[in-house]
Amino acid sequence: MHSDNQRSSATFLTHAAQLLPLRSPSGGSGPRRGAEMRELSIIEDGAVLIAEGKIVAVGTTDKVAQHELLTAKPVHIDEVDCSGKVVLPGFVDSHTHPVFTAPRLIDFEKRIAGATYDEIAEAGGGIRASLRGVRDAKREELAVHVVRGLDEMAKHGTTTVECKSGYGLNFAAEMKSLEAIREASHQWPGWVVATLLAAHVVPPEHRENPEEYVRIICEDMIPTAAKLKLAAYVDVFCERGAFSMEQSQRILRSAVDHNLGVRAHVCQLTPAQLAPVIEFHPASLDHLDFISDADIAVLSKLDTVATLLPAANYFLGLDSFPPARKLLEAGVAVALATDYNPGTSPTASMPFVLSVACTHMKMSPAEALVAATYNGACALHLQGRKGSLEPGKDADVAIFDAQDYRELAYWFGVNRCRETILNGVRQTVA
């Protein structure tokens, strides 16, 4: 989904200190893994030529300047001097929860005082605390909140976002949430992928009979979301206090039966065997803090992406983080995402995620950048048009005030993104 902006001129980005195309070194169409995660193919004095929302040419400034589109002198060339800047593909944030109405400040204070995730949830906080605001809000109000989040992400260099429902937790509110995501996608120049996460937790009215809620998801919500084309994916929170593996299987089977893609929150708080989920060929398995060595070995042979969300661990004040080095060294395809949400990861900044990934999960800056761009696109099956700077792909670009790409993960608590280009539409960071 994206807005149809009129583009009448060519944009010529020139003289980048470092241009990171991040195309696959092997030329393959699958996610990058292993040594490929560290190959950046940096171009010094780099340039990108953009026309009609697409990338036309990538290379050194001297080489791209010879392109026929420039030598033929079109009506207007918008030249952007990127001297002293790092230019790379726009970030692909493949896991966010933007449909909410308010921050969860009581949860925040309780956690600081020592309450655990489970204790907060049992006291009526956690995911269920966002339920009333979403149920009471009009679709248009929710769309405003989503757009606000998307705009904030774009200011930090993000151009593609996966947006989940999951705070309405009944048929009307979940469909309204997906409609709000669709409405927001038409107001934002970047690309939005909608996911139905009705299986976030069991709502209060079904706590005594969770099986009935699972039935509603499988028989009512998923078929309607598929019929109305409101979602591309179905997600499930398979975890203690949320949905069992058997319930998750039924939900994912319904998704597949209705030709929707699947993804899952798994192994965030407790270990689980992933074979029952893997059989549905998920595009991504997310969190994976407690993944077993056996399942790491299985994932290393698949194109399913392991999407790690270290900002959530940071915000929850946890001592442990997802086992990124184990996953990378086993050859698993790893992506990074913000997990933007009001309860456990209130950040729209992918550069902050890069910092946490490097400092707490010991990913190299190169690995983190590939995980936040190309492999994030793979987690959404969008690598044919997103995640790297290549001719023919969508013109999604982030420009950073830095001489060296490693600075993107080095600086934190400040935003060094100076401009983001979303499907060819320039947005300067004020």
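Higher on the page you've got the structure.
In this text, all values refer to a predicted model and were calculated from it rather than measured experimentally.

## Section: the pairing of strand β17 (residues 425-428)
Then, in step 1: In the sheet, strand β16 (residues 417-422) pairs with β17 via four bridges, with the strands oriented antiparallel. What sits directly across from Glu419, in β17, is Thr428.
Then, in step 2: From the end of β16 to the start of β17, which pair antiparallel, there are two residues, and Asn423 there has a positive phi angle of about 50 degrees.

## Re the sheet that holds strand β7 (residues 91-96)
Sheets are built from strands that pair by backbone hydrogen bonding, the pairs being arranged parallel or antiparallel.
Then, in step 1: Strand order in the open sheet made by the eight strands is β7-β8-β9-β10-β11-β12-β13-β14, with parallel pairing throughout. Whereas interior strands pair on both sides, the edge strands pair on one side only; in this sheet they are β7 and β14 (334-336). Sheet twist, expressed as the mean angle between neighbouring strand axes with direction ignored, is 25 degrees.
Then, in step 2: One ladder, built from three bridges, connects strand β13 (residues 305-308) with β14; its direction is parallel. Paired with Leu308 across the strands is Leu336, a residue of β14.

## Examining unusual backbone geometry
Then, in step 1: Even without a glycine there, the phi angle at Leu22 is positive, about 60 degrees.
Then, in step 2: Residue position: Leu22 is located in the loop between β2 (18-19) and β3 (46-51).
Then, in step 3: At Leu169, a residue that is not glycine, the phi angle is positive and equals roughly 60 degrees.
Then, in step 4: Along the chain, the position of Leu169 falls in the loop between β8 (158-164) and α7 (171-187).

## Some thoughts on the environment of Val234
Then, in step 1: Within the secondary structure layout, Val234 lies in strand β10 (residues 233-238).
Then, in step 2: Sequence separation between Val234 and Ala199 is 35 residues; the distance between their C-alpha atoms is 8.7 Å.

## Observations regarding the packing of helix α14 (residues 350-361) against helix α15 (residues 365-372)
Then, in step 1: Running from N to C, α14 and α15 cross one another at 140 degrees; their axes reach a closest spacing of 9 Å. Classified by the angle their axes make, α14 and α15 are oblique. Taken as a pair, α14 and α15 cross one another with a handedness that is right-handed. Contacts between α14 and α15 involve Met350, Leu354 and Cys358 on the former and, on the latter, Pro365, Ala368, Leu369 and Ala372.
Then, in step 2: Looking at the contact of α14 with α15 residue by residue, the classes come out as seven nonpolar, no polar and no charged.

What counts and what doesn't
- Residues numbered from 1 in each chain as written.
- Predicted model: local features only at pLDDT ≥ 70, side-chain atom pairs only at ≥ 80, totals over all residues.
- Heavy atoms only, no water.
- Pairing = 2+ DSSP bridges.
- Helix = DSSP H or I, 4+ residues; strand = E, 2+ residues; numbered from the N terminus.
- Axes fitted to C-alpha atoms, helices over the stretch in contact; angles between N-to-C directions.
- Parallel < 35°, antiparallel > 145°, perpendicular 65-115°, else oblique.
- Left-handed = near helix turned anticlockwise from the far one by under 90°.
- Contact = heavy atoms within 4.5 Å.
- Nonpolar A, V, L, I, M, F, W, Y, C, P; charged D, E, K, R; others polar.

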